[in-house]
Number of protein chains: 4
Amino acid sequence: MPNEMNYIDYLRLNEILNAQFPESDRQGKSAHDEMLFIVIHQTYELWFKQLLYEVESVNVIMQKPALNDNSPELQTVVHRLSRCTTILKVLVHQIDIMETMTPMDFLDFRDMLRPASGFQSWQFKKLEAWLGLKYQHRHGQEYYISQLKQEQIDIIKKAESEKSLLELVNKWLERTPFFNEEMNWKNFQTTVNNRANSDTTQHIFWTEYRHRYFESLASEEKSNYDLFDEVFSDDSKNKNAERSLSPAACRAALFIMLYRGYPVLQLPFQVLTQLLEIDEQLSTWRYRHMNMVHRTIGKRIGTGGSSGRDYLKSALDKHYIFKEIAQLTSFLIERRRLPSLSREMGSRLGFAG
Amino acid sequence: MPNEMNYIDYLRLNEILNAQFPESDRQGKSAHDEMLFIVIHQTYELWFKQLLYEVESVNVIMQKPALNDNSPELQTVVHRLSRCTTILKVLVHQIDIMETMTPMDFLDFRDMLRPASGFQSWQFKKLEAWLGLKYQHRHGQEYYISQLKQEQIDIIKKAESEKSLLELVNKWLERTPFFNEEMNWKNFQTTVNNRANSDTTQHIFWTEYRHRYFESLASEEKSNYDLFDEVFSDDSKNKNAERSLSPAACRAALFIMLYRGYPVLQLPFQVLTQLLEIDEQLSTWRYRHMNMVHRTIGKRIGTGGSSGRDYLKSALDKHYIFKEIAQLTSFLIERRRLPSLSREMGSRLGFAG
Amino acid sequence: MPNEMNYIDYLRLNEILNAQFPESDRQGKSAHDEMLFIVIHQTYELWFKQLLYEVESVNVIMQKPALNDNSPELQTVVHRLSRCTTILKVLVHQIDIMETMTPMDFLDFRDMLRPASGFQSWQFKKLEAWLGLKYQHRHGQEYYISQLKQEQIDIIKKAESEKSLLELVNKWLERTPFFNEEMNWKNFQTTVNNRANSDTTQHIFWTEYRHRYFESLASEEKSNYDLFDEVFSDDSKNKNAERSLSPAACRAALFIMLYRGYPVLQLPFQVLTQLLEIDEQLSTWRYRHMNMVHRTIGKRIGTGGSSGRDYLKSALDKHYIFKEIAQLTSFLIERRRLPSLSREMGSRLGFAG
Amino acid sequence: MPNEMNYIDYLRLNEILNAQFPESDRQGKSAHDEMLFIVIHQTYELWFKQLLYEVESVNVIMQKPALNDNSPELQTVVHRLSRCTTILKVLVHQIDIMETMTPMDFLDFRDMLRPASGFQSWQFKKLEAWLGLKYQHRHGQEYYISQLKQEQIDIIKKAESEKSLLELVNKWLERTPFFNEEMNWKNFQTTVNNRANSDTTQHIFWTEYRHRYFESLASEEKSNYDLFDEVFSDDSKNKNAERSLSPAACRAALFIMLYRGYPVLQLPFQVLTQLLEIDEQLSTWRYRHMNMVHRTIGKRIGTGGSSGRDYLKSALDKHYIFKEIAQLTSFLIERRRLPSLSREMGSRLGFAG
């Protein structure tokens, strides 16, 4: 670093702006659009680095055994996740730039790139892993390994072995204290007449809520009965199945959605919302990317040897990371039918002032 | 109309701005967000009217038995299709506004709307029909009829019976004159040695192109051999199958993509590009709409009684309108391997000057 | 309303979709693009109606003599202001659609519209008034009155006479209780040695903060000294000048920005942020609108007789509504130099739990 | 380059992803948001490189003494300028990401960057110069030089000494051949009775057009009389004044706008449209950037010592590059009043076919 700060040195522009080496130039068959191809991928990777940086910082916060509600930590989590969404929206938009490259213009240098492939973007895979995509849920597992060098496989495997944001959110939700604090519930009013008949393993609130939810269902939706128990009951047969959020975590998340107006629940609600936003943007990105590949190479195979569009289409359906949170909306009921919380609980969820 | 033009009267703002009647108000259970729900749907329908207006005007032009290359008609077609794309991008963006309505806020009035449903938007169905979606390709045919009044079914049936943009594009492509003009081809240079062996029903250009295309394929792509003949050969077994573009039209479209640099082909290339843009935006709209429905109602059924997200997901895959044009990119070859056109053909495709 | 809810009746589509009457049709000189012109203005007015609806609901909440921190009201305010921003972003984007109308296409019907003009959009003026734009700050006051019918002038005058969001925010900020609660400050640590020398009318916190702010200024920024006192001191000579936020309100807003991490301040910080977002989007809308007008009519006069671009340019600079909030960023200091709040104050700003 | 193409090596990701060195880390006062600050500026600079690459390639084409209308060159120009617009739209959108950095978060590392400054982005200045911004039109000339190292000043000076796109467009427009080809005009019908009275130095078409334009003006617009002659007459007193487009070039540009429907004029019209699009996006970028700076630093001075917002605001108004093209819209008349071109001219502007 020179004596005086300077824009060019500070941003390492000499390195950044001299890192474009079109292969078509090297082979003496210069193709104009290859520069765009390189630059857009480099910007994508820079943004992936930034996304990883933000997600890592969020995971560090969420890893704490207990978040202090009075610290600004949850606010920081919301802010950084929201930044990730903002970045992802730009990444979706950037596809417009890629689409200015017509199929004929891509063909001018496409074969020179084989077998390099976007599937080798280890940063994107690491991002998916840190957010919560498990190896076993990945589409085309062997394929993705076959594309990568051992060094990068190791990076992704390591990321997959670490606590993902989804797992940390699960733990955080499970820690929600309100249900176990007896005082909050002693004045809770229920409408379920015969408590003896209710599921005794269930908390008084959930017995009541379950009852009200069932009453709210249209006759064609009666299958949601079983679904409710499957998702929320600790006795769920589905308990050991492939789920990322435990019944306890699902109950906490639903409670947050239902009573988001209470001060203590406001930021937690924003956390859940941001997770769904990230999933939606990732999903939109994958979708537009798939369409773009289809328009560019049609039914040709990808430079990395994949089946192109078909591969991407399958990944699209399988790679929703926070879908168990999204599906909780199935279990909401109208605000006017919501059980009222007791005055004690109201204070518990409020400010000190 | 008063003596003097006035913004408010001209735009009929008294009608437009007094056409919002929240059902929750009528039922005395006022739900704040219902106004948004009404307004956003009204703006969607206004834009659908505009899209229909533009597509109709395009179809009127395309219906002419012969477009005069020297008239501004094709330019008008490109301009208006491009406007449709611009409108569709805003419609995609508008989903952001809808997403500011949380599931709980929607629940406050959702049940009051039954059985009204967005499936009853006859304008959108008419738009799909005019662009080229056939009844038999529609997902959930009976369902969509069950939702509509006879009056609207008639409107859509009528639209389906009219020449769609896709059909008109097919006819326009089939009329491409260059291949039948002998003079253009007498000096065309070929590399296929034994012409006797080539498909005699094929034009000299396509025999040559087919040969070069086959040479360009990677070994894993050999299945594209058959695909090529299926798409482009008049003898194709697939001839009578469910296709919208005839082999002749496909040949013309591919020719336009390959030689888009010649003046006469520049606007035709823009026409094809705009059709793909429209399909992409429609597809992105359907995708984001599906995601939004999923986030809003989860696994609940739609207000119209549909299975919600699942219905939308199936429609997503089936409702690409111009996919036969998109798939032609599978058959491009590199610019440096393209057959050169003769000097006569060059003049034929150029300006008078 | 028929027995059964129906999409078309519910949305009054018969009225909405039959409210387009191109003047060029009536005059028998049909101009294709006039339909777009009508439809886009109608969608703008529909969205203005929605914006007014949201802002009105926010103002109703803010009008309460005291907002209960434990009610969800402030959350509702943030949510609805944020929705306004989302809508405004779409309105900015919609200019892309208008720009598909070339100057020549506009000329085909432009003269037929005289003297109607977008300046007659009373809804937009009402929106500006409700947000906080005063008549005396409006550019071209007589001009705007000359354009409107008495009926609309009355609507806007009435809106201007009501408490605007800016005024309500000022009152709400002034009510901030923390400074007057002695307990919060008895353990507050200061570095200003000689308290006797400090401005005795000032609160201990502000004396300390003023000191630290002055120390943080670069030598070229010394003029900010006076500015600080002008903005924050109750003795400010500028006291009676044209300002919308009182010194007390400015102090509260700055305090919120500085200590936004404390639970009680999180939503207030989001309120301030949303106000700036709205201003930014309104400003971007005005800017792009001005550019569009310039591209469309150049140096011709507007249909309403205005000087077109020049008028819009002047309004651009004068119509920032929340600029006094934006300018508070001039007075921030680095987080590591911030005075620490006492433990009592920490509790006061935190959750009950 | 290793034996086998690989995504990571091809994109030089080891260099690109290891070029972020937060100064706050180096000084041991780590500030989370500095990484974002670095990454976003690096992506901006990558895109500036791409924009320079596209504009350079366009200028190379435009530099040819004569463009062959039958070559695809003009199509390439339109395509690449359109790509620049698409890139610029993403750059405008990226400001959303920067705005996720709150003023307090920026303050955490802001002072460490002095005196580095975005004004040192020589690529952006080179881009402006290549497009057509002259040193003498630049706001704050000495200031910008004081910020840069000699090496970068030399780069920009060199760019300013080369033919800019604006100058090349001027030359290209001046070469328009149609007016000098007598045959095109011998059957041109005029309505100006006494030709003897018309400006003899003017071409028959422009004498006629000038007459029709004057007739189209509203009474308040009579000052446009003089403006017309000033812009289009070779005798213009304004001839030697500070203008970038000569009267002959302005006439050609207006003719293209008026008769854009003729085949030969379709691409030239798209060229002019793209130039205005680029200016609009650059202008929107400057505007949002100015607003962002204002929100972030208020009335503090920039890290490079500039007056921050005020500097940017002045540049905003002065740095329109293609404003002389934009202003031609002042001189359009309605399509139905346009002089008809002769049949000979019609052929001249059409296809050979």
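The paragraphs below set out a description of the structure included in this document. As the structure is a computational prediction, the values presented were derived from the model and not from experiment. (Residues numbered from 1 in each chain as written. Chains lettered and ligands numbered in written order. Predicted model: local features only at pLDDT ≥ 70, side-chain atom pairs only at ≥ 80, totals over all residues. Heavy atoms only, no water.)

With respect to the interface of chain A and chain D
Where interface size is given, it is often the accessible area lost as the parts come together that is meant.
And then number 1: The interface of chain A with chain D comprises 66 residues on the first partner and 66 residues on the second.
And then number 2: Carbon and sulfur atoms make up 67% of the area that chain A and chain D hide from each other, which totals about 6300 Å².
And then number 3: For the chain A face of the interface with chain D, the top three residues by lost area are Tyr7, Tyr10 and His32 of chain A, together amounting to 13%.
And then number 4: Summed over the shared surface of chain A and chain D, the number is four salt bridges.
And then number 5: Among the salt bridges present, the one from Asp9 of chain D reaches Lys149 of chain A, with a minimum N-O distance of 3.5 Å.
And then number 6: Applying the counting rule to chain A against chain D returns 29 residue pairs in polar contact (both at pLDDT 80 or more).
And then number 7: The set of elements that each furnish at least two residues to the side of chain A that touches chain D consists of α1 (7-10), α2 (13-16), α4 (34-62), α5 (73-98), α6 (103-113) and α7 (122-131) of chain A.
And then number 8: Sort the elements by how many residues they give to the side of chain A that touches chain D and α4 of chain A lands first, with 18 residues.
And then number 9: Per-class residue counts for the side of chain A that touches chain D are 30 nonpolar, 20 polar and 16 charged. (Contact = heavy atoms within 4.5 Å. Buried area = accessible area lost by both parts, 1.4 Å probe. Salt bridge = Lys/Arg side-chain N within 4 Å of Asp/Glu carboxyl O. Polar contact = N/O pair within 3.5 Å; in protein donor to acceptor, adjacent residues only side chain to side chain. Helix = DSSP H or I, 4+ residues; strand = E, 2+ residues; numbered from the N terminus. Nonpolar A, V, L, I, M, F, W, Y, C, P; charged D, E, K, R; others polar.)

Here we look at the layout of surface pockets
Residue and element names in this part refer to chain A.
And then number 1: Looking at the second largest pocket, its volume works out to about 620 Å³.
And then number 2: Lining the second largest pocket are 32 residues; nearest its centre among them are Glu242, Arg243, Ser244, Leu245 and Glu324.
And then number 3: Mapped onto the lining of the second largest pocket, the elements with two or more residues apiece are α10 (165-174), α12 (224-232) and α16 (323-326).
And then number 4: Considering every element that reaches the lining of the second largest pocket, the biggest residue donor is α10, with four residues.
And then number 5: Counted by class, the lining of the second largest pocket contains 12 nonpolar, nine polar and 11 charged residues. (1 Å grid on protein atoms, 1.4 Å probe; cavity = no way out; pocket = protein on both sides within 12 Å on 5 of 7 lines; lining within 4 Å. Points joined across faces, edges and corners; volume = space filled by probe spheres on them.)

Description of the relation of the copies chain B and chain C
And then number 1: For the pair chain B and chain C, the relating rotation is 180°, the translation along its axis is 0.0 Å, and the fit reaches an RMSD of 0.0 Å. The transformation relating the two chain copies, once decomposed into turn and shift, fits a two-fold axis.
And then number 2: Mapped onto chain C, 100% of the interface residues of chain B are again interface residues, and the two copies thus contact each other with one and the same surface. (Least-squares fit on C-alpha atoms with pLDDT ≥ 70 in both.)

Quick look at the relation of the copies chain A and chain D
And then number 1: The transformation that overlays chain A on chain D combines an axial shift of 0.0 Å with a rotation of 180°, and the residual RMSD is 0.0 Å.
And then number 2: Interface overlap between copies is the fraction of interface residues in one copy that are interface residues in the other; for chain A against chain D it reaches 100%, indicating a shared surface.

Some points on the environment of Gly132 of chain C
Residue and element names in this part refer to chain C.
And then number 1: As for its placement among the helices and strands, Gly132 is situated in the loop between α7 (122-131) and α8 (141-147).
And then number 2: For Gly132, a relative accessible area of 9% corresponds to the buried category.
And then number 3: Distance from Gly132 to Glu160, taken between C-alpha atoms, is 8.0 Å for residues 28 residues apart in sequence.
And then number 4: Excluding its chain neighbours within four sequence positions, the residues that come into contact with Gly132 are Ser164, Leu166 and Ile321. (Buried < 20%, exposed > 50% of the residue type's maximum accessible area, 1.4 Å probe, protein only.)

Things to note about the packing of α7 of chain C against helix α14 (residues 263-297) of chain C
All names here are of chain C.
And then number 1: The contact between α7 and α14 brings their axes to 13 Å, and the two run at 150°. With respect to α14, the element α7 is oriented roughly antiparallel. Of the two possible hands of crossing, α7 and α14 adopt the one that is left-handed. In this structure, α7 contributes Phe124, Glu128 and Leu131 to the contact, and α14 contributes Ile278, Leu282, Trp285 and Arg286. (Axes fitted to C-alpha atoms, helices over the stretch in contact; angles between N-to-C directions. Parallel < 35°, antiparallel > 145°, perpendicular 65-115°, else oblique. Left-handed = near helix turned anticlockwise from the far one by under 90°.)

Some details on the interface of chain B and chain C
And then number 1: On the chain C side, the residues contacting the 66 residues of chain B number 66 residues.
And then number 2: Between chain B and chain C the total buried area reaches about 6300 Å² when both faces are included, carbon and sulfur atoms providing 67% of it.
And then number 3: Among the residues of chain B in contact with chain C, Tyr7, Tyr10 and His32 of chain B are the three that bury the most area, contributing 13% of the side total.
And then number 4: A salt bridge links Asp33 of chain B to Arg83 of chain C, with the nearest nitrogen and oxygen atoms 2.8 Å apart.
And then number 5: On inspection of chain B and its partner chain C, the count reaches 29 residue pairs in polar contact (both at pLDDT 80 or more).

Describing the pattern of salt bridges
And then number 1: Going through the model one piece at a time under the given rule, you end up with 100 salt bridges over all chains.
And then number 2: Of the charged contacts in the structure, one is a salt bridge between Glu23 of chain B and Arg26 of chain B, with a shortest N-O distance of 2.6 Å. Of this pair, Glu23 of chain B and Arg26 of chain B both sit in helix α3 (residues 23-26), separated by three residues, roughly a single helical turn.
And then number 3: Given the relative accessible area of 2%, Glu23 of chain B is considered buried.
And then number 4: Across the salt bridge formed by Glu54 of chain B and Arg83 of chain B, the nearest N and O atoms sit 3.0 Å from each other. Here Glu54 of chain B, found in helix α4 (residues 34-62), pairs with Arg83 of chain B, found in helix α5 (residues 73-98); they are 29 residues apart in sequence, far enough to count as distant. Both residues of the pair, Glu54 of chain B and Arg83 of chain B, count as buried.
And then number 5: One connected set of salt bridges, linked through shared partners, spans Asp96, Glu99, Arg288 and Arg295 of chain A together with Glu277 and Glu280 of chain B.

Regarding the nonpolar core
And then number 1: Counting residues in hydrophobic clusters, the biggest one holds 492 residues, and the most contacted among them are Phe255 of chain A, Phe255 of chain B, Phe255 of chain C together with Phe255 of chain D.
And then number 2: Discounting residues that sit within four places of it in the chain, Phe255 of chain D has contacts with Phe178, Phe179, Trp185, Phe205, Trp206, Leu265, Leu341 and Met345 of chain D. (Core = buried A, V, L, I, M, F, W, Y, C linked by side-chain atoms within 4.5 Å.)

Structural notes on helix α12 (residues 224-232) of chain B
Residues and elements named next belong to chain B.
And then number 1: Every buried residue belonging to α12 is among Asn224, Phe228, Val231 and Phe232, and all of these are buried. Down the axis of α12, the smallest arc covering the buried residues is 75°, so these residues share one side.
And then number 2: Contacts from the buried residues of α12 go to α11 (204-216) and α13 (247-258). (Arc of directions from axis to C-beta.)

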